[in-house]
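So the chains spell out like this:
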2 protein chains.
Amino acid sequence: MAPTIRDIARVAGVSVATASKGLNGKGRMRPETRERIVQTARDLGFRPNRNARSLTSGRTYTVGLLTRNGYGRFTPALLGGVEDALSADTCSLLLCDARRDAVRERHYIDALAARRVDGLIVTGRETDPAPRVGRDLPFPVVYAYTVSADPADTSVTVDDEHGGRLAVRQLARYGCRRIAHLTGPPSYAAVRDRVTGARAALAEESLDLPDSRVVYGPFSEEMGFTHVRRLLERDPEIDGIFCGNDQIARGAADGLAAIGRRVPDDVALVGFDNWTLLAASTRPAVASVDMNLYRLGRVVGETLLASIDGTVTPGISRLPCSIAVRASCPAPTGDDPVWTSDAPLVPDA
Amino acid sequence: MAPTIRDIARVAGVSVATASKGLNGKGRMRPETRERIVQTARDLGFRPNRNARSLTSGRTYTVGLLTRNGYGRFTPALLGGVEDALSADTCSLLLCDARRDAVRERHYIDALAARRVDGLIVTGRETDPAPRVGRDLPFPVVYAYTVSADPADTSVTVDDEHGGRLAVRQLARYGCRRIAHLTGPPSYAAVRDRVTGARAALAEESLDLPDSRVVYGPFSEEMGFTHVRRLLERDPEIDGIFCGNDQIARGAADGLAAIGRRVPDDVALVGFDNWTLLAASTRPAVASVDMNLYRLGRVVGETLLASIDGTVTPGISRLPCSIAVRASCPAPTGDDPVWTSDAPLVPDA
DNA sequence: CTGAAAGCGCTAACAC
DNA sequence: GTGTTAGCGCTTTCAG
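No experiment lies behind these values; they were computed from the predicted model shown.

Draft legend 1. Fine view of the overall build of chain A. Along the backbone of chain A there are twelve helices and 14 strands. Against the 2.2 N^0.38 benchmark of 20 Å for 349 residues, chain A shows a C-alpha radius of gyration of 26 Å, more extended than a compact globule. Taking all 349 residues of chain A together, the buried fraction comes to 57%. Across chain A, contacts joining residues at least 24 apart in sequence account for 71% of those joining residues at least 6 apart. A total accessible area of about 14,300 Å² is found for chain A, and carbon and sulfur atoms account for 51% of it. Here chain A holds 44 positive side-chain charges and 43 negative ones, and the gap between their average locations is 8 Å.

So this is what it looks like as structure tokens:
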């Protein structure tokens, strides 16, 4: 059995109360007593039981992370940021995956409540407003990437409009004048927001993005591969394409190669997600919008810690994106935020 | 504040002990009393504090998951299996990412010990024997995917040799007779094991894999793209290639297309990892060895639960792979285990 | 300066 | 059947 504070007290020849104070650097006592206590604890390999401590303190220094639909490509970066933010307060993360199942979700919420977590982070793969995770929960909740449909909740997500703006600005700076958009299903808020952003930015350059040059489809390579060719057949003047993710961009790059168009000379390409593994391997490498998910995770963690401390900030906050420049659209970036590297993370897969 | 068992007892008009027994279905008491207690608990939204309970029970029903070098592409599937296995015992997962840093690792181990986790799972991106996580830890440890250098520890990993056998058998069944291997750095045990397996399987078919047809390099598309062409220049008779992962396979497919070789008619291809997002999008789609990581996770979880119960199984156990058949090598699979789908998981990214 | 005592939320013997 | 008591490991008044 692991030694308890009583063992320390006994061996050090003091009372339990003194041992406690000694170990926690509280109260006042003769330095030699404290030293003796600490030394004894070290000798016995004493490790205070945090669960016991949380009984009195009321804090468990544990937060839940509930993902609503599995761990995806976005999870690692987000998780890294969350962990780093929380580690500042030596909080640990309890993981739960609801797998699109409301019953599972409920079950996990209960389990987390029974463990008296200090807070909860809810994440999911879409930025669309989603039903909140429960009402009157006994801990603060922050939604990460996904946003709660209830404006009284706290959500932190990506500014997809900004991402859309960055993408087309990069194309425009490269000199593109007839820009098209190949993207995912319009049922995604992210997809719609990016279109909105793209149009706004183009308008500032006196350019436009007519409906005829926007193609919605699945978020897949296949989509990019087939539709890029149709698009250029219909409208051979297109000289730049904003792709809704890097898979589409890759398909588009291959499709352009197949019809003998050079990238970026004839048609420039900008993707989204900056999934380096894919974007950097495309021929040529694809410039891409980065959602700064590590930073998102940090902000989420910090927001949750603040909520736990009583400072709640209801509403949705949207963090800006960056642009990762690569050969498919090699223009200077102007004042736009530039992505450089995954800094403190082990990159990708 | 959340109601405590005392609140329940008071409201239900019984003692705390009776309330406890009533709620846990223990002891014997008048059914109506039990009913009253349970009903009161429901009314007050009582949620027993598991931390308090674990003080007496000695069990926290929490296990740590320590990843040594970040969350990769393999993590989600593994994690899913682990979660499912542990949920059978209503265990929760505490997440830690050591990020290749021994100090961080030590720190996390301490934190987990302080939380009195019932057990620990250690995972990492390589199957190479790695230094064990600590000595004389106060809880059982199971290594997942990564294996401990100490044979007294319990490790569960992938049978890469079997994977190598499956890959070349699939090629052989398609009719390939001059098989080559494009793979990652030989510093990886996984890389060497797969070569061993491939050679063993080929020998059974009276075929071989001479050193001249094995190329080591980085695990990247670029590697496949450039080396497949050199390889076929040197040895134009090659009719099948076993690729060390799906990125290499993809590069190889593109490289073959670039020199006008048809896949699979001229050269068949089998990859490794069965990373569907990549493998299924390659033109043509790439057949690939699947490591059954979800199942690995389950076995790891079950093994850990057994260890917690006192049944330890030291040593390394290696689980077999499956083969996912796709257009790049469309042969019947014989008796080999076939991959069908990610079953209970939300697939990929 | 140090220690006795009470209590955090819950469980488990053992009385009544 | 139900309640009293003690105790899990630790913190925290408050006396001494």
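Draft legend 2. Highlighting the relation of the copies chain B and chain A. When chain B is brought onto chain A, the operation consists of a screw motion whose angular component is 180° and whose axial shift is 0.0 Å, with 0.1 Å RMSD remaining. Taken together, the rotation angle and the small translation identify this as a two-fold axis. Taking C-alpha positions as the reference, the residue of chain B nearest the rotation axis is L94 of chain B, at 2.3 Å. Take the interface residues of chain B: 100% of them recur as interface residues in chain A, which is what a same-surface contact looks like.

Draft legend 3. Summary view of the packing of helix α7 (residues 160-174) of chain B against helix α8 (residues 189-204) of chain B. All names here are of chain B. Interhelical geometry of α7 versus α8 gives an angle of 45° and a closest axis separation of 6 Å. Judged by the angle between their axes, α7 and α8 are oblique. Between α7 and α8 lies a crossing whose hand is right-handed. Here α7 contributes D160, E161, G164, R165, V168 and R169 to the contact with α8, which in turn contributes A190, D193, R194, T196, G197, A198, A201, L202 and E204. In the contact of α7 with α8, the residues fall into five nonpolar, three polar and seven charged.

Draft legend 4. Local environment of the protein's contact with DNA strand D. Close contacts around DNA strand D come from 26 residues, with I5 and R6 of chain A together with S15, K21 and T33 of chain B the closest. Among the atoms of DNA strand D close to the protein, meaning within 4 Å, 68% are from sugar or phosphate groups. Side-chain polar atom of K26 of chain A to a phosphate oxygen of DNA strand D: 3.1 Å apart, as the coordinates give it. Elements with a contribution of two residues or more to the surface near DNA strand D: α1 (5-12), α2 (16-24) and α4 (50-57) of chain A together with α2 (16-24) and α4 (50-57) of chain B. Here the residues of the surface near DNA strand D are counted per class, giving eleven nonpolar, nine polar and six charged.

Draft legend 5. Molecular detail of the domain arrangement of chain A. For chain A, the domain assignment lists domain 1 (5-48), domain 2 (62-158 + 293-321) and domain 3 (160-290 + 325-332). Computed over C-alpha atoms, the centres of domain 1 of chain A and domain 3 of chain A are 64 Å apart.

Draft legend 6. Region of interest: the sheet that holds strand β10 (residues 240-243) of chain A. Residue and element names in this part refer to chain A. Spatially, six strands are ordered β9-β8-β10-β11-β12-β14 in an open sheet, and the strand pairing comes out mixed. Only two strands of the sheet have a single neighbouring strand rather than two, namely β9 (214-216) and β14 (322-324). The sheet shows a mean angle of 20° between the axes of neighbouring strands, taken without regard to direction. Sheet analysis places strand β11 (residues 268-272) next to strand β12 (residues 287-290), joined by three bridges and oriented parallel. Within the sheet, the bridge partner assigned to G271 lies in β12 and is S288. On top of the sheet, helix α7 (residues 160-174) reaches β8 (179-183), β10, β11, β12 and β14; it is set at about 165° to β11, its chief contact.

The rules behind these values
Residues numbered from 1 in each chain as written. Chains lettered and ligands numbered in written order. Predicted model: local features only at pLDDT ≥ 70, side-chain atom pairs only at ≥ 80, totals over all residues. Heavy atoms only, no water. Helix = DSSP H or I, 4+ residues; strand = E, 2+ residues; numbered from the N terminus. Rg over C-alpha atoms; globule rule 2.2 N^0.38 Å. Buried < 20%, exposed > 50% of the residue type's maximum accessible area, 1.4 Å probe, protein only. Contact = heavy atoms within 4.5 Å. Areas by Shrake-Rupley, 256 points an atom, 1.4 Å probe, with all protein chains shown as cover. Lys, Arg positive; Asp, Glu negative; His and termini not counted. Charge placed at Lys NZ, Arg CZ, Asp CG, Glu CD. Least-squares fit on C-alpha atoms with pLDDT ≥ 70 in both. Axes fitted to C-alpha atoms, helices over the stretch in contact; angles between N-to-C directions. Parallel < 35°, antiparallel > 145°, perpendicular 65-115°, else oblique. Left-handed = near helix turned anticlockwise from the far one by under 90°. Nonpolar A, V, L, I, M, F, W, Y, C, P; charged D, E, K, R; others polar. Near = heavy atom within 4 Å. Polar contact = N/O pair within 3.5 Å; in protein donor to acceptor, adjacent residues only side chain to side chain. Domains from an automatic or database assignment. Pairing = 2+ DSSP bridges.

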